[in-house]
Amino acid sequence: MRPRLTRYQMIVVATLCAAAVICISLRGAERIWCLAALCSLSGLCVGLGVSFPRWQMFGESICAAAAKRKIVALTFDDGPDARNTPELLALLAGRKIRATFFCVGMRVAQQPELVKRMAAEGHAIENHSFLHSPFTNIFSVRRLRGDLSRAQAEITRAAGRAPEFFRPPVGLTNPRVFRVTGELGLKVAGYTARGLDRRGDAPEEIAGRLLRELQPGAIFLLHDGGVPCKRLLAVVTLLLDKLESEGYQCARLDELIAEQ
Ligand SMILES: [Zn+2]
């Protein structure tokens, strides 16, 4: 059963109650210091909740599935990228792997044929916003709704199927994200582990970061957009080799969720 209040709402209520107690029971500098400490602590908790979807601060982010067998989902963000995505598709096709691509609507509009191919090869194309703006997390509800709807329309047109998941750019969430995704019928997708593959680390390091969190139902996050192709292919090859040797299968995110 889902809690009536989100963790964020519980923190707000608890902070207001504690502030009232402090105001009633303390005076002068003591009151100011205690209120300042309370605000800092609450702000820190909310700030961490914005950055870590696993905290489920503002609503439910899907960060793993309760799968009973060895199955995981590979997800790729920020594409489609004409330099990387076709090569990645060839690698996945060679291994008979179906993945989930969180595509940027603007890039989908520029390369609809590539997205059509991705969908035709059995991959899921999901929503990663239209602009992928670093300021998405401070968009007003109206602007966020417009951005996500535009991405939804572009992806539906190119892939022939409406996305059912949204992954926020930069992984940041807030109450507005959950309000708008709720209105649009989208589920918010987080991740179990991310490769942090934009840092320039060696493929072994990136794959190792994901494999440390290997468990049935895990959701792995990599990028097919904006990373060097050679490194992307090396990481995915290492990952698939290890998954195969451990007896794991790969599924799309919707298939993984259906395992629960
Ligand atoms: Zn992104």
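Residues numbered from 1 in each chain as written. Predicted model: local features only at pLDDT ≥ 70, side-chain atom pairs only at ≥ 80, totals over all residues.

Participant: Can you walk me through the packing of helix α6 (residues 141-159) against helix α7 (residues 175-184) in this structure?
Facilitator: With their axes 10 Å apart at the nearest point, α6 and α7 run at an angle of 45° to one another. Between α6 and α7, the angle falls in the class oblique. Between α6 and α7 lies a crossing of right-handed hand. Contacts between α6 and α7 involve Val141, Leu144, Arg145, Leu148, Ser149 and Gln152 on the former and, on the latter, Arg176, Arg179, Val180, Glu183 and Leu184. Along the lines of polarity and charge, the residues of the contact of α6 with α7 split into five nonpolar, two polar and four charged. (Axes fitted to C-alpha atoms, helices over the stretch in contact; angles between N-to-C directions. Helix = DSSP H or I, 4+ residues; strand = E, 2+ residues; numbered from the N terminus. Parallel < 35°, antiparallel > 145°, perpendicular 65-115°, else oblique. Left-handed = near helix turned anticlockwise from the far one by under 90°. Contact = placed C-beta atoms within 7 Å. Nonpolar A, V, L, I, M, F, W, Y, C, P; charged D, E, K, R; others polar.)

Participant: I'm lost on the nonpolar core in this one. Help?
Facilitator: Where a protein is soluble and globular, its nonpolar side chains tend to be buried together. With 60 residues, the main nonpolar core has Ala73, Phe101, Cys103, Val115, Ile125, Phe220 and Leu253 as its most contacted residues. Per-element tally for this core: the top contributor is α6, with six residues. Setting aside chain neighbours within four positions, we find Cys103 in contact with Gly79, Pro80, Val108, Val115, Ile125, His128 and Ile155. (Core = buried A, V, L, I, M, F, W, Y, C linked by C-beta atoms within 7 Å. Buried ≥ 20, exposed ≤ 12 C-beta atoms within 10 Å, placed from the backbone.)

Participant: I would appreciate a short explanation of the pairing of strand β2 (residues 71-77) in the present structure.
Facilitator: The two faces of a sheet get side chains in turn, since along a regular strand they alternate between them. Across the seven residues that make up β2, a large majority, six, are buried. Taken together, the three bridges between β2 and strand β9 (residues 249-251) define a ladder with parallel strand orientation. Residue Ile71 lies in a different strand from β9, and its bridge partner there is Gln249. By the bridge criterion, five bridges tie β2 to strand β8 (residues 219-223) in an arrangement that is parallel. Looking at the pairing, Ala73 lines up with Ile219 of β8. With three bridges connecting them, β2 and strand β3 (residues 100-103) associate as parallel partners. Its bridge partner lying in β3, Phe76 is registered against Phe101. Handedness of the crossover joining β2 and β3 through helix α3 (residues 85-94) is recorded here as right-handed. (Pairing = 2+ DSSP bridges. Right-handed = clockwise from strand over helix to strand, strands pointing away.)

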